[in-house]
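# Structure assessment
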Amino acid sequence: MTQDELKTLVGRAALDYVPAGSIVGVGTGSTVDKFIDALGEALKSDPQRVAGAVSSSVRSTQRLESLGVKVLPAETVTGLGVYIDGADEINHAGDMIKGGGAALTREKIVAELAERFICIADESKLVKVLGKFPLPVEVIPMAAAQVIRAFGPLGGVGKVREGVTTDNGNLIVDVTGLQITEPARFEADVNQWPGVVTVGVFARNKASVCLLGTADGVKTLQF
Ligand code: 5RP
């Protein structure tokens, strides 16, 4: 199976985790696009399949609305049953690196609203130690150079992602060379650096379940 087919597989499988008539939290990315498409299909035969969605990006909002899903502002929602999103890397404890699509801040906000994070990913995303994928960090523009310098002593080499402004008007710094062996501590530390809006380690909001697309079908990892 191609990577695209594996994404379709897990995107469809995620629908089983969405309670009928609920409001669902929706992440961002090519795998989530497959979930949104599956949701759109389900709505054709069952218009009450979901009551609406809370979206983590302009991109996902547009796709959801084009398929007839009502998108509710996160500010109006106090809790969600599930949040469905992809990952750039996930370890065997459910900690993730996210932000390849630059939507990490809103993703973390919507994930925090949800009881369960259902991660959908193809098997190439499963790793022993987080850090091979360049870690995205959303930063206030005037802090970018300072944040890059601060990664130096940790062995990280940061670079501002060219041509990208986030939905929140900030920059993304991508950091290579890290080995994130203690994701929760790392996330808490870096989040405190001045000018850091969000670090792309999701340990506080780690996955509850990962639906992993493999050549043998969907493998379910519980954390
Ligand atoms: C966007 C993300 C995505 O979930 C992550 O980049 C995975 O994307 P894809 O499903 O396209 O591989 O964190 O900010």
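Each remark here, short or long, concerns the structure printed above.
Here the structure is a predicted model, which is why all the values come from computation and not from measurement.

Cut-offs used in this document
- Residues numbered from 1 in each chain as written.
- Predicted model: local features only at pLDDT ≥ 70, side-chain atom pairs only at ≥ 80, totals over all residues.
- Heavy atoms only, no water.
- Phe/Tyr/Trp six-rings, centres within 6.5 Å; stacked < 30°, edge-to-face > 60°.
- Helix = DSSP H or I, 4+ residues; strand = E, 2+ residues; numbered from the N terminus.
- Buried < 20%, exposed > 50% of the residue type's maximum accessible area, 1.4 Å probe, protein only.
- Lys NZ or Arg CZ within 6 Å of the ring centre and 35° of its normal.
- Near = heavy atom within 4 Å.
- Polar contact = N/O pair within 3.5 Å; in protein donor to acceptor, adjacent residues only side chain to side chain.
- Areas by Shrake-Rupley, 256 points an atom, 1.4 Å probe, with all protein chains shown as cover.
- 1 Å grid on protein atoms, 1.4 Å probe; cavity = no way out; pocket = protein on both sides within 12 Å on 5 of 7 lines; lining within 4 Å.
- Sits in = over half its atoms within 2 Å of the grid points.
- Nonpolar A, V, L, I, M, F, W, Y, C, P; charged D, E, K, R; others polar.

## Quick look at the packing of aromatic side chains
- Enumeration over the complete set of coordinates arrives at two aromatic pairs.
- Ring geometry for Tyr-83 versus Phe-117: centroids 5.0 Å apart, planes at 80°, classification edge-to-face. With a gap of 34 residues between them, Tyr-83 in strand β3 (residues 80-85) and Phe-117 in strand β6 (residues 114-122) connect regions that are remote in the sequence. Both residues of the pair, Tyr-83 and Phe-117, belong to the buried class.
- Note that Lys-98 overlies the ring of Phe-202, its terminal NZ or CZ placed 5.5 Å from the centroid.
- Over the ring of Phe-202 we find Lys-108, and its NZ or CZ is 4.9 Å from the ring centre.

## Topic: the site of the ligand
- Of all residues adjacent to the ligand, which total 17 residues, the nearest are Ser-30, Thr-31, Asp-88, Gly-99 and Lys-125.
- Here an oxygen atom of the ligand sits 3.1 Å away from a polar atom, N or O, in the main chain of Thr-28.
- At 2.5 Å, a side-chain N or O of Thr-31 approaches an oxygen atom of the ligand.
- Taken by itself the ligand offers 370 Å² of open surface, and the protein chains cover 91% of this.
- If you map the ligand onto the pockets, it falls in the largest pocket.
- Looking at side-chain class alone, the shell around the ligand contains three nonpolar, eight polar and six charged residues.

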